[in-house]
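Analysis of the macromolecular model
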Amino acid sequence: MMFRRKRSPPAPAMPAAPLTNTRIGWLMAVAACALLPHADHLPAWLNAVALLLFTWRLAQWKLGWAGASTVVKALVVIACCAGVTLTFGRLFGREPGVALLTLLLVLKLHELKSVRDGHTVVLLGYFMLLAAFLYSQTPAVAAVLVGSMVVITAALIALTGPPAPVRALLRQSAWMLAQALPFMLVLFVLFPRVPGPLWGLPLDAFGARSGLSDSMSPGDISQLSLSGEIAFRARFDDAPPPARELYWRGPVLSTFDGRTWRQGEAARRLNDGTPHAVSGPRTSYEVTLEPHGKNWLFALETVAGLPLGARVSDDWQVLGSEVVRARRRDRFESVPTARPGREEWSAYLDAARRLPPTGNPRARALARQMHLDAGSDAETVDAALRLFRREAFVYTLTPPLLGEDGIDQFLFDSRRGFCEHYAGAFVFLMRAAGLPARVVTGYQGGERNEVDGFVVVRQSDAHAWAEVWLDGEGWRRVDPTAAILPSRVERGLADLPAGEPVPFVARADLGWLRDLRHRWEAANNAWNQWVLSYDQQKQRELLARLGMAQPDWRTMTAWMASLCAVIAIALTLWALRRQIAADALARAWAGIDRALRPAGLGREAWEGPLDYADRIAALRPDLAAELRTACTLYADARYGRAAHAPAVRALRTHARALRRHRTPPRT
């Protein structure tokens, strides 16, 4: 006979825990901490919508306003999704993804009914903090996000634990995160590094970057020079060269259409990865380049040693194997005194003499006359430089607009311009005189940070100069700007006349602010070098210093497991000791033992409070009443529902009484 097991009915579902007003307040704080770091890069309309929805929910919480209906929330979702699509052109990627997360977070505040909904808000808050690192990873941003994480973790504790004061919850959250810090450091140092940037996305995370372009029109570099952003940092093995020798070569422009200079065919021809042979004393240095969205690198003229994967074009521009989308470090060797291109191919020299067939007739006539009056090509170069020194040319960040014959207007009419005006006009004169010449763009100079020894090159150091090819000498660097304002190549933009829009960081009259900025930038650089740029190479170097010359994944896994186990044991022992030491009730109970132990009446480790009272009552009936009262009080406070604070005070009183009567009376 077969017996069929009778199925029991399903257990009733546990009701969802309700949200108290205090917990709702914590969730509002979570939303504020998660949304504020994204306010500067979200669209203005989305910030307005998020603020409106947040304020509405705040009024509902504090003033008892009616909540948003389902229809209103559905219309907001549809309208915001359409707005995100129109703003970014897509619904996937970094910017639209963060925008949609913002929308979900503020709408979830209007659907709070249980603790489970609160957990969703906390999880969205953690995701928003993580997404903030996709935009900026500076120490200041990291500090703000750490503070926000303390608040969000405190909100999570408030959702799952008993009611507690705000200060106590924040302190508990900070302690929890502090205990996780050693594990984070071990994993950061020993976990195998992933090649490529950690905080980035493959497509839209790398939009347009500030920096030089592959073309140059009047006004381009002067606009770039208004920016104080850091382009790259350099650290020299020996003392850095003087500022007048720091010419950081970038794109070389060899074609001219009458207004705009552009790169020519030589910029696309690369050698086999070995730089051209140059001789002379070498300078070794390391460049930490900020991402700029192009594949070119910046090195001092003339480069003689290249990093792995870099190449040099026929016009001596250093190019990387891929677009610079993340901060990178490269080592170079340069020979500042070298004159490259002594044996140049004739087709390239012909291209370096080419000009548009028409335009700028006065400049053409002037160049021909200078060449006729000069005895050689070198004297023609000197004659052009004397022209800039002799005439009333002005170096300014606000040059006037030029028309169709811009070279003529600049040389004979306005005579006001920035470095691109002088370099472009000089190269035009040389070509009109029959000399091969080209425009070189890059950066000139740099500011040495006395705190960490790095030379900081900013966008305000962007510069343009010229190169002229002379038979038997090669390409000679000629900087017409130095003929107008020699201090430009010595001190950057600091010595421009009053009234010029000099970048704030380039001003020379704020010494105290410069020292403060140097310290802050040195801290940022250390953060970049050892945290954000902690790549496979840095990891190998650090592990080699720690004694692991050839670490493999087995060794690193064993080290990680061992260190994490040691940290866990140490934290456990510390937590247990701290718990015992920090328990006021336990300390008061220990005072009872200390009061009776000198009389041989101390408590055994295996004895509970009531057993202890029974044993002492049999030995010392005169202490029985006092001790039984103290033991019962402690048992009710420790294992029952009695309040701790009154019990602690009473136990201390009983300990003093027992100490006075622990000596037995005489019979």
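Preceding this paragraph is the structure being described.
Here the structure is a predicted model, which means the values were calculated and not measured.

**A few points about the overall build of the protein**
Secondary structure summary: the protein contains 22 helices and 18 strands in total. The buried share of the protein, reckoned over its 667 residues, is 45%. Long-range contacts, defined here as pairs at least 24 residues apart, represent 72% of the contacts in the protein between residues at least 6 apart. Accessible area of the protein: about 35200 Å², with a carbon and sulfur share of 59%.

**What to know about the pattern of salt bridges**
For the coordinates displayed, the defined rule picks out 28 salt bridges. The residue K108 makes a salt bridge to E111 at a minimum N-O spacing of 3.8 Å. E111 gets classed as partly exposed once you look at its relative accessible area, which sits at 36%. Note that E391 and R415 form a salt bridge whose closest N and O atoms lie 3.0 Å from each other. Here E391 is found in the loop between α11 (377-390) and β12 (394-395), whereas its partner R415 is found in the loop between α12 (406-414) and β13 (416-417), with 24 residues between them in sequence. If you follow the salt bridges from partner to partner, you end up with R249, E301, R438, E467 and R477 in one network.

**As for the sheet that holds strand β2 (residues 230-236)**
Across the sheet, six strands lie side by side as β8-β11-β6-β2-β16-β15; this open sheet has antiparallel pairing. Two strands in the sheet have a free side with no partner beyond their single neighbour: β8 (303-305) and β15 (447-448). As paired elements, β2 and strand β16 (residues 455-458) share four bridges and run antiparallel to each other. When the sheet's bridge partners are listed, F232 is paired in β16 with V457.

**Examining the side chain of T260**
For T260, the position within the fold is in the loop between β4 (255-256) and β5 (261-262). Engagement of the side chain of T260 in a polar contact is seen with the side chain of S217, the distance being 2.8 Å.

**Points about the environment of D593**
Looking at the element boundaries, D593 is found in helix α19 (residues 584-596). On the basis of relative accessibility, which here comes to 18%, the residue D593 falls in the buried class. The residues touching D593, leaving out its near neighbours within four places in the chain, are G602 and R603.

**Concerning the pairing of strand β17 (residues 462-470)**
Most of β17 sits inside the fold, with nine of its nine residues counted as buried. Covered by surrounding structure in β17 are A462, A464, A466, V468 and L470 together with H463, W465, E467 and W469, the residues of both alternating faces. One ladder, built from seven bridges, connects strand β14 (residues 437-444) with β17; its direction is antiparallel. What sits directly across from A437, in β17, is V468.

**Side note on the state of the cysteines**
In the structure shown here, the tally under the stated rule is zero disulfides. Not part of a disulfide, C81 finds its nearest cysteine sulfur in C80, a span of 7.2 Å.

**Considerations on the packing of aromatic side chains**
In the structure shown here, the tally under the stated rule is 23 aromatic pairs. An angle of 40 degrees between the planes, with centres 5.5 Å apart, marks the rings of W175 and W574 as tilted. With a gap of 399 residues between them, W175 in helix α7 (residues 166-190) and W574 in helix α18 (residues 553-582) connect regions that are remote in the sequence. Taking relative accessible area as the criterion, W574 reaches 34% and is therefore assigned partly exposed. Here F256 and W261 contribute two aromatic rings whose centre-to-centre distance is 4.3 Å and whose plane-to-plane angle is 20 degrees, an arrangement assigned as stacked. The exposure classification of F256 matches that of W261, with both residues buried. Ring pairing ties together the aromatic residues F232, F236, W248, Y285, F298, F332 and Y443, which thus form one cluster. The residue whose ring lies beneath R415 is F393, and the NZ or CZ to ring-centre distance is 5.4 Å.

**Looking at the nonpolar core**
Inside soluble globular proteins, nonpolar side chains tend to come together where they are buried. Counting 78 residues, the largest nonpolar core has W248 and F426 as the members making the most contacts within it. Formed by 39 residues, the second largest nonpolar core is a distinct cluster that contains A50, V121, L129 and L159.

**Observations regarding α7**
When the terminal C-alpha atoms of α7 are compared, their 37 Å separation across 25 residues agrees well with the 36 Å that a helix rising 1.5 Å per residue should span. When the local axis directions of α7 are compared, the greatest deviation, roughly 30 degrees, occurs at L181, which is followed within four positions by the proline P182. All of the buried residues in α7 are L169, S173, V186 and L190.

**Structural notes on unusual backbone geometry**
For residues that are not glycine, phi is negative in most cases, and the peptide bond is trans in most cases. T302 follows E301 through a cis peptide bond whose omega is -10 degrees. Its identity as a non-glycine residue notwithstanding, N360 has a phi of 55 degrees, on the positive side. If you trace the backbone, N360 turns up in the loop between α9 (346-351) and α10 (361-373). The residue R415 is not glycine, and still its phi comes out positive at about 55 degrees.

**Some thoughts on the sheet that holds β5**
As summarised here, the arrangement of the three strands in space is β1-β5-β4, forming an open sheet in which the pairing is antiparallel. Edge positions in the sheet fall to β1 (215-216) and β4, since each has one partner strand and no second. Bridging between β1 and β5 involves two bridges; their strand directions are antiparallel. Along β5, the bridge assignment pairs M216 with W261.

**Here's the deal with the environment of P37**
Within the secondary structure layout, P37 lies in the loop between α1 (21-35) and α2 (44-63). With a relative accessible area of 23%, P37 lands in the partly exposed category. The sequence separation of P37 and A131 amounts to 94 residues, and the corresponding C-alpha distance is 9.5 Å. Residues within four places of P37 in sequence aside, it is in contact with A132 and L145.

**Remarks on the environment of A433**
Looking at the element boundaries, A433 is found in the loop between α13 (419-432) and β14. Residue A433 is classed as buried on the basis of its relative accessible area, which comes to 11%. It is 8.9 Å that separates the C-alpha atoms of A433 and D377, two residues lying 56 residues apart in sequence. Setting aside anything within four residues of it in sequence, one finds A433 in contact with A367, H371 and T380.

**A word on a nonpolar patch on the surface**
Together, L123, F127 and L130 line one region of the surface with nonpolar side chains, adding up to about 300 Å² of accessible area. Among the structural elements, L130 can be located in helix α5 (residues 115-132). For L130, a relative accessible area of 46% gives the class partly exposed.

**With respect to the side chain of N449**
By the secondary structure assignment, N449 is in the loop between β15 and β16. Residue class for N449 comes out buried when judged on its relative accessible area of 2%. A polar contact of 2.9 Å, which involves the side chain of N449, links it to the backbone nitrogen of V451.

What counts, and where the lines are drawn
- In this convention, every chain numbers its residues from 1, walking through the sequence in written order.
- Local features in a predicted model are, by the rule used here, given only for residues with pLDDT of at least 70; side-chain atom pairs are given and counted only at 80 or more, and totals for whole chains, interfaces and linings are based on all residues.
- Each side-chain value is derived from all of the structure's non-hydrogen atoms; neither hydrogens nor water enter the calculation.
- In this description a helix means any DSSP run of H or I spanning at least four residues, a strand means any run of E spanning at least two, and both kinds are numbered starting from the N terminus.
- Using a 1.4 Å probe on the protein chains alone, a residue whose accessible area is under 20% of its type maximum counts as buried, one over 50% counts as exposed, and one in between counts as partly exposed.
- Only heavy atoms matter for contacts: two residues are in contact if any of them lie within 4.5 Å across the pair.
- Areas reported as accessible are Shrake-Rupley estimates using a 1.4 Å probe. Residue values count occlusion only from the protein chains shown.
- Salt bridges are defined by distance alone: a side-chain nitrogen of Lys or Arg within 4 Å of a carboxyl oxygen of Asp or Glu.
- For two strands to be treated as a pair, DSSP must find no fewer than two bridges joining them.
- Within 3.5 Å is the distance limit for a polar contact, defined as a pair of N or O atoms, with the added protein rule that one can donate a hydrogen and the other accept it, and that residues adjacent in sequence qualify only through two side-chain atoms.
- Count a disulfide wherever a pair of cysteine sulfur atoms falls within 2.5 Å.
- Each Phe, Tyr or Trp ring (for Trp, its six-membered ring) is paired with any other whose centre lies within 6.5 Å, and the angle between the two planes then decides the class: stacked below 30 degrees, edge-to-face above 60, tilted in between.
- Look at NZ for Lys and CZ for Arg. If either is within 6 Å of the ring centre and within 35 degrees of the ring normal, a charge sits over the ring.
- Take the buried Ala, Val, Leu, Ile, Met, Phe, Trp, Tyr and Cys residues and link them wherever side-chain atoms come within 4.5 Å; each set so joined is a nonpolar core.
- Here the expected span of a helix is defined as 1.5 Å times the quantity of residues minus one.
- The reported bend at a residue is simply the angle between two axes, fitted to the 7 residues ending at it and to the 7 residues beginning with it.
- Put simply, a patch holds well-exposed residues, over 30% relative accessible area, that have no salt bridge, with like charges counted together within 9 Å and Val, Leu, Ile, Met, Phe, Trp or Tyr side chains within 5 Å.

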